[in-house]
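Spelled out from the first residue to the last, the chains are:
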Amino acid sequence: MVAPTASSSTSAAPVYELPWVEKYRPLKLDDVVGNRATIERLKVIEHEGNCPHLMISGLPGIGKTTSVHCLAHALLGDAYKEGVLELNASDERGIDVVRNKIKNFAQKKVSLPPGKHKIIILDEADSMTVGAQQALRRTMEIYSNTTRFCFACNQSNKIIDPIQSRCAILRYGKLSEEEVMKRLLEVAAYEKVEYTDAGLEALVFTSEGDMRQAINNLQSTWTGMGLVTPDNVFKVCDQPHPILVRQILAACQKGDIDVAMEKLDEIWGNGYAAVDIVTTLFRVTKTMDSLPEALKLEFIKEIGWTHMRILEGVSTVIQLGACLARLCKMVSEVKQT
Ligand SMILES: Nc1ncnc2c1ncn2[C@@H]1O[C@H](COP(=O)(O)OP(=O)(O)OP(=O)(O)O)[C@@H](O)[C@H]1O
Ligand SMILES: [Mg+2]
């Protein structure tokens, strides 16, 4: 069971409700969900105490910043305050900062537990300028006996190769549906949220493996609607309702273009963008067990082409309609053969 990490204190001071993502941000590596193999590597580092330069890359909201902080806390304990310098995208991180702030910190004398190093956390490092990254190269080497660098970023290709070659690189993958669900259940139990199972599944569906989004949507649905059901979740997340999308696909499977177009008009009338509709079409197709495997592959291929056209700028309802027409045609061709 997760416990809130920041206390909602019982003192007389007014209790300000924290966003749940912060309230339930893990403090120990053990509490970070998913990516077991990479977390195990971090735990070995924690155990041995000798942290190499690290780089963690991966999609948003899957625990990169959290893991780096957990590691730094575990390594430095009470010395965290003096021993860690954190710079993220909200700080100025041009070449001057590398020359002054980072170098000064690296040169600073700090008494740490034996065998431990100072840690410089550079969060969202992909937004650092190339110049600043270049300036870090030598700095990382000169001070490496006392200071270690931890980078977290979304796109590792935005980090220059020389820095990558100085780091142990860890890649975080998307969290699985079960992992997100498990965490949601824990948070929901702790916050006494009323939910239906389908409601939580809808949260998992909409979050696409992004834990931050899942927890945020849970909080928004609960505070806004008072009950977590699929309908409420899709209202809050403002995504085309997968049930409607499933009806479209079911109609295509029967070769019934009239019903498919009618449902499409309904979704379009609600104001959703073509790209939202086409991505939901894709995600629902993936999970449609009623579609035979071969047909599913063809459907996905066709939806993929439509997605490409939409991204190229032709985001009209005609493109979506044409896609549905092709799906219907495909079914009738399969039937004929
Ligand atoms: N693996 C996880 N286990 C438990 N909670 C998580 C996990 N990943 C994310 N969270 C929740 O989401 C919040 C945000 O996570 P975090 O700041 O680590 O994301 P991030 O990977 O650094 O994303 P970004 O790339 O946007 O910076 C955390 O406060 C935590 O509540
Ligand atoms: Mg982060």
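Residues numbered from 1 in each chain as written. Chains lettered and ligands numbered in written order. Predicted model: local features only at pLDDT ≥ 70, side-chain atom pairs only at ≥ 80, totals over all residues.

## Quick word on the overall build of the chain
- Per the secondary structure count, the chain includes 16 helices and five strands.
- Considering only contacts in the chain between residues 6 or more positions apart, those separated by 24 or more positions represent 75%. (Helix = DSSP H or I, 4+ residues; strand = E, 2+ residues; numbered from the N terminus. Contact = placed C-beta atoms within 7 Å.)

## What to know about the nonpolar core
- Within the largest apolar cluster, 61 residues are counted, with the highest numbers of intra-cluster contacts made by Leu71, Phe151 and Leu218.
- Ranked by residue count, the leading element in this core is helix α3 (residues 64-76), at seven residues.
- Not counting the four nearest positions on each side in its chain, phenylalanine 151 is found in contact with Leu54, Met55, Leu122, Ala125, Ile159 and Cys167.
- Of all hydrophobic cores here, the second largest spans 22 residues; its members include Ala260, Leu264, Ala274 and Ile303. (Core = buried A, V, L, I, M, F, W, Y, C linked by C-beta atoms within 7 Å. Buried ≥ 20, exposed ≤ 12 C-beta atoms within 10 Å, placed from the backbone.)

## With respect to the domain arrangement of the chain
- Along its sequence, the chain is carved into domain 1 (35-172) and domain 2 (242-336).
- The gap between the C-alpha centroids of domain 1 and domain 2 is 45 Å. (Domains from an automatic or database assignment.)

## Some thoughts on the confidence of the model for the chain
- Of the residues in the chain, 95% have a pLDDT of 70 or more, and the chain-wide mean is 89.
- No element of the chain has a lower mean pLDDT than helix α5 (residues 95-107), which averages 84, and none a higher one than helix α15 (residues 293-311), which averages 95.
- Confidence drops under a pLDDT of 50 for residues 7-12, and excluding neighbours within four residues, the segment shows two contacts in the predicted structure. (pLDDT = per-residue confidence, 0-100.)

## Section: the UniProt feature "domain: AAA+ ATPase" (unreviewed entry) in the chain
- Mapped onto the present numbering, the UniProt feature "domain: AAA+ ATPase" (unreviewed entry) falls on residues 50-176.
- Helix makes up 39% of residues 50-176 and strand 20%, whereas the separation of the span's terminal C-alpha atoms amounts to 31 Å. (UniProt positions renumbered as here; feature names shortened; annotations may be inferred.)

## Quick look at the packing of helix α13 (residues 257-269) against helix α16 (residues 317-336)
- Contact pair α13 / α16: the axes reach a minimum separation of 10 Å and the direction vectors enclose 155°. On the basis of the axis angle, α13 is roughly antiparallel to α16. For the pair α13 and α16, the sense of crossing is right-handed. The residues of α16 that touch α13, namely those facing Ile257, Ala260, Met261, Leu264 and Trp268, are Val317, Leu320, Gly321, Leu324, Ala325 and Cys328. (Axes fitted to C-alpha atoms, helices over the stretch in contact; angles between N-to-C directions. Parallel < 35°, antiparallel > 145°, perpendicular 65-115°, else oblique. Left-handed = near helix turned anticlockwise from the far one by under 90°.)

## Concerning the site of ligand 1
- Surveying the vicinity of ligand 1 reveals 21 residues, the closest of which are Arg25, Pro60, Gly63, Thr65 and Thr66.
- Sorting the residues of the shell around ligand 1 by element identifies α1 (20-23), α3 and α10 (211-225) as the ones contributing at least two each.
- A per-class count over the shell around ligand 1 returns ten nonpolar, six polar and five charged. (Near = placed C-beta within 6 Å. Nonpolar A, V, L, I, M, F, W, Y, C, P; charged D, E, K, R; others polar.)

## Comments concerning unusual backbone geometry
- For lysine 192, which is not glycine, the phi dihedral falls at a positive 55°.
- With respect to the element layout, lysine 192 can be found in the loop between α8 (177-190) and α9 (197-207).
- One non-glycine residue, aspartate 238, lies in positive phi territory at about 55°.
- Its location among the elements puts aspartate 238 in the loop between α11 (230-237) and α12 (242-253).
- On the neighbour-count criterion, aspartate 238 (11 C-beta atoms within 10 Å) is exposed.

## Points about the sheet that holds strand β2 (residues 84-87)
- Reading across the sheet, the five strands line up as β2-β3-β4-β1-β5 and stay open at both edges, with parallel pairing between neighbours. One side of each edge strand has no neighbouring strand; the edge strands of this open sheet are β2 and β5 (168-172). Taking each pair of neighbouring strands and ignoring which way they run, the sheet shows an average axis angle of 15°.
- Pairing of strand β3 (residues 118-122) with strand β4 (residues 147-153) involves five bridges; the strand directions are parallel. Bridge assignment links isoleucine 119 to a residue of β4, and that residue is arginine 148. (Pairing = 2+ DSSP bridges.)

## With respect to the pairing of β2
- Pairing analysis gives four bridges linking β2 to β3, with the strands arranged parallel. In the sheet register, leucine 87 faces β3, and the bridge partner there is leucine 122.
- For the segment spanning β2, α5 and β3, crossover handedness is right-handed. (Right-handed = clockwise from strand over helix to strand, strands pointing away.)

## Here's the deal with the pairing of β4
- Across the seven residues of β4, seven count as buried, placing the element largely inside the fold.
- Burial along β4 is two-sided: the face carrying Thr147, Phe149, Phe151 and Cys153 and the face carrying Arg148, Cys150 and Ala152 are both buried.
- Strand direction decides the pairing type here: strand β1 (residues 54-58) and β4, joined by four bridges, are parallel. Along β4, the bridge assignment pairs isoleucine 56 with alanine 152.

## Section: the packing of α9 against α10
- Contact geometry for α9 and α10: axes closest at 8 Å, N-to-C directions at 135°. Regarding the angle of α9 to α10, the classification is oblique. The element α9 and its partner α10 pack so that their crossing is right-handed. On α10, the residues that touch Leu203, Val204, Thr206 and Ser207 of α9 are Gln213, Ala214, Asn217 and Leu218.

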